[in-house]
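# Architecture at a glance
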Amino acid sequence: DLPLEGREFQFSTESGELTPNLKDLIGSNPYTVNLKIVPMGNTFDLRGRIQTGLDLQCSLCAIDFKLPVRLDVHELIIIEKALNKGEQMSRNNHAHEWEKTGPDYIVIPSDVFNLAEYIHEQIGLAEPIRPLGKPDCDVACENLQDRVSRPWLSYGADAENAQTSPFQILEKLKLKS
C-alpha cells in the first residue's frame, strides 16, 4: 500500500529483499536501490536512484561485458479508479513527454503499488536493444576477429564477405544437429 505519510526504501544485495525479483535480469551483480515516496495531494512523488550491472554480450563481437546501470528515477504515481462500463476517456500527448529531465507518471487503479515489479521493469528498460562492448565499438573493433565460438552454431564459409542485406547472413546460419 502507498503510505499516506510517505516512506523511504533502501534495498541492497546485502539486505537481499529484491534478489529473487531481479535475479533473471542482473544475475549475481550487486545492486542498491534508494527510493522515497512522498504524498502530494491525490498523487505520490517517487524519487531515487537504482544502481546495478547487467551481464551482456557485444552485438558485434559477442565478447561478454558488464553494463553499469545507474538510473535516476522521478515518477508521479496517480491513483485513478477504473472506468465503469460504457465510460471512455481520451488523452492527448503532453509536452512533458518530450522532456527528459521532468517527471513521468504512472496511473494505477488502487493504492497498491508493487515496488519490486517497478524496479524490475526500470532495469529491464535500461538494457540496450543492441549492446556494444564499448561506446566506440564498430566494425573495426579489435575483438571482432576473436569472436566467441558457439559449438551449436556454424557460420557459412563466406559469411565474412560483404553482404548487400543484413538478412543475408541468416541464409548461411545452420544449426548443427
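Attention in this report is confined to the structure presented alongside it. (Residues numbered from 1 in each chain as written. Predicted model: local features only at pLDDT ≥ 70, side-chain atom pairs only at ≥ 80, totals over all residues. Heavy atoms only, no water.)

## Details of the overall build of the protein chain
Helix and strand content of the protein chain: three helices and seven strands. The linear arrangement of helices and strands in the protein chain, starting from the amino end, is β-α-β-β-β-β-α-β-α-β. Looking at the protein chain as a whole, 28% of its 177 residues are labelled buried. Counted over contacts in the protein chain with a minimum sequence separation of 6, partners at least 24 positions apart contribute 59%. Within the structure as shown, the protein chain displays about 12700 Å² of accessible surface, and the carbon and sulfur contribution to it stands at 52%. (Helix = DSSP H or I, 4+ residues; strand = E, 2+ residues; numbered from the N terminus. Buried < 20%, exposed > 50% of the residue type's maximum accessible area, 1.4 Å probe, protein only. Contact = heavy atoms within 4.5 Å. Areas by Shrake-Rupley, 256 points an atom, 1.4 Å probe, with all protein chains shown as cover.)

## Focus on the packing of helix α1 (residues 19-26) against helix α2 (residues 115-126)
For the pair α1 and α2, the least separation of the axes is 10 Å and the interaxial angle reads 10 degrees. Judged on the interaxial angle alone, α2 and α1 are roughly parallel. Between α1 and α2, the residues in contact are N21, L22, D24, L25 and I26 and A116, I119, H120, I123 and G124, respectively. A breakdown of the residues in the contact of α1 with α2 according to their chemical character gives six nonpolar, three polar and one charged. (Axes fitted to C-alpha atoms, helices over the stretch in contact; angles between N-to-C directions. Parallel < 35°, antiparallel > 145°, perpendicular 65-115°, else oblique. Nonpolar A, V, L, I, M, F, W, Y, C, P; charged D, E, K, R; others polar.)

## A look at the side chain of S12
Looking at where S12 falls in the secondary structure, it is placed in strand β1 (residues 7-12). For S12, a relative accessible area of 16% translates into the label buried. Not counting the four nearest positions on each side in its chain, S12 is found in contact with E17, Y31 and T32.

## Comments concerning α2
The end-to-end C-alpha separation of α2 is 17 Å, in line with the 16 Å expected for twelve residues at 1.5 Å each. Listed in full, the buried residues belonging to α2 are L115, A116, Y118, I119, H120 and I123. Residues of α2 that are buried sit in contact with β1, α1, β2 (32-40), β3 (43-57), β4 (64-79) and β5 (104-108). The N-cap residue of α2 is N114: its side-chain oxygen and the backbone nitrogen of A116 are 3.2 Å apart. (Expected span 1.5 Å × (residues − 1). Polar contact = N/O pair within 3.5 Å; in protein donor to acceptor, adjacent residues only side chain to side chain.)

## Observations regarding the packing of aromatic side chains
Taken as a whole and judged by the stated rule, the model has two aromatic pairs. Plain terms: the ring middles of F9 and F11 are 6.1 Å apart, the flat faces sit at 25 degrees to each other, and that makes the pair stacked. Of the residues examined, F11 reaches a relative accessible area of 15% and is grouped as buried. Geometrically, the ring pair formed by F113 and Y118 is tilted, given 5.7 Å between the ring centres and 50 degrees between the ring planes. Take F113: its relative accessible area is 15%, and that puts it in the buried class. (Phe/Tyr/Trp six-rings, centres within 6.5 Å; stacked < 30°, edge-to-face > 60°.)

## Some details on a nonpolar patch on the surface
A surface patch of nonpolar side chains, amounting to about 310 Å² of accessible area, comprises F167, L170 and L173. As for its position among the elements, L170 is in helix α3 (residues 168-172). Under the relative-accessibility criterion, L170 is labelled exposed at 51%. (Patch = residues over 30% accessible without salt bridge, like charges linked within 9 Å, V, L, I, M, F, W, Y side chains within 5 Å. Salt bridge = Lys/Arg side-chain N within 4 Å of Asp/Glu carboxyl O.)

What is shown is where atoms sit, not what they do.
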